[in-house]
Amino acid sequence: SPIGQPPPPLNPLKYSTSCSNDDDCMIATTGNLCQPCQCPNTAIAKASSPLYEADARAGYSQCATSNNPVLCAGCAPAKAKCKIDSNALTGTCIVQPGF
């Protein structure tokens, strides 16, 4: 994107969410990377981590920096879990509230 333009929002559908256990999943933050006070809002497969990290780094680098720091409330605790339906061979990473 041109300098000064905010980056496109990170699309959570771009990253794999397939898993076989909770260790295959991680929480991530998608959407508008430039808004202050962001909390993790999706779960992705750790296998997608390199792609996600690269996209996030590229996105954050395009955010306009502000000299006015924003005080943010803490994020609600969340963890990534692998949800496997009884008839499925693989599961889907989901965000679950809690520690």
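For the structure, see preceding data.
Predicted model, so just to flag it, every value in this text is computed and none were measured.

A. Broad picture of the overall build of the chain. Along its length, the chain carries one helix and five strands. Within the span of the chain, comprising 99 residues, buried residues form 26% of the whole. Sequence-distant contacts in the chain: of pairs separated by 6 or more residues, those separated by 24 or more amount to 53%. Looking at charge distribution, the chain has the averaged site of its 6 positive side-chain charges lying 3 Å from that of its 6 negative ones.

B. A look at the sheet that holds strand 5 (residues 91–97). If you trace the three strands from one edge of the open sheet to the other, you get 1-5-4, paired in antiparallel fashion. One side of each edge strand has no neighbouring strand; the edge strands of this open sheet are strand 1 (18–19) and strand 4 (78–83). Pairing geometry for strand 4 and strand 5, over six bridges, is antiparallel. Counterpart to lysine 79 in the pairing with strand 5 is glutamine 96.

C. Representation of the state of the cysteines. Inspection of the entire model under this criterion finds five disulfides. Note that cysteine 19 is cross-linked by a disulfide to cysteine 82, the S-S spacing being 2.1 Å. Judged by the sign of its S-S torsion, about 95 degrees, the cystine formed by cysteine 19 and cysteine 82 is right-handed. In this pair, cysteine 19 is assigned in strand 1 and cysteine 82 in strand 4, connecting sequence segments 63 residues apart. Assessed through its relative accessible area of 4%, cysteine 19 is described here as buried. Here cysteine 34 engages in a disulfide with cysteine 63; their sulfurs sit 2.0 Å apart. An S-S torsion of about -90 degrees defines the bridge between cysteine 34 and cysteine 63 as left-handed.

Calculation rules
- Residues numbered from 1 in each chain as written.
- Predicted model: local features only at pLDDT ≥ 70, side-chain atom pairs only at ≥ 80, totals over all residues.
- Heavy atoms only, no water.
- Helix = DSSP H or I, 4+ residues; strand = E, 2+ residues; numbered from the N terminus.
- Buried < 20%, exposed > 50% of the residue type's maximum accessible area, 1.4 Å probe, protein only.
- Contact = heavy atoms within 4.5 Å.
- Lys, Arg positive; Asp, Glu negative; His and termini not counted.
- Charge placed at Lys NZ, Arg CZ, Asp CG, Glu CD.
- Pairing = 2+ DSSP bridges.
- Disulfide = S-S within 2.5 Å.

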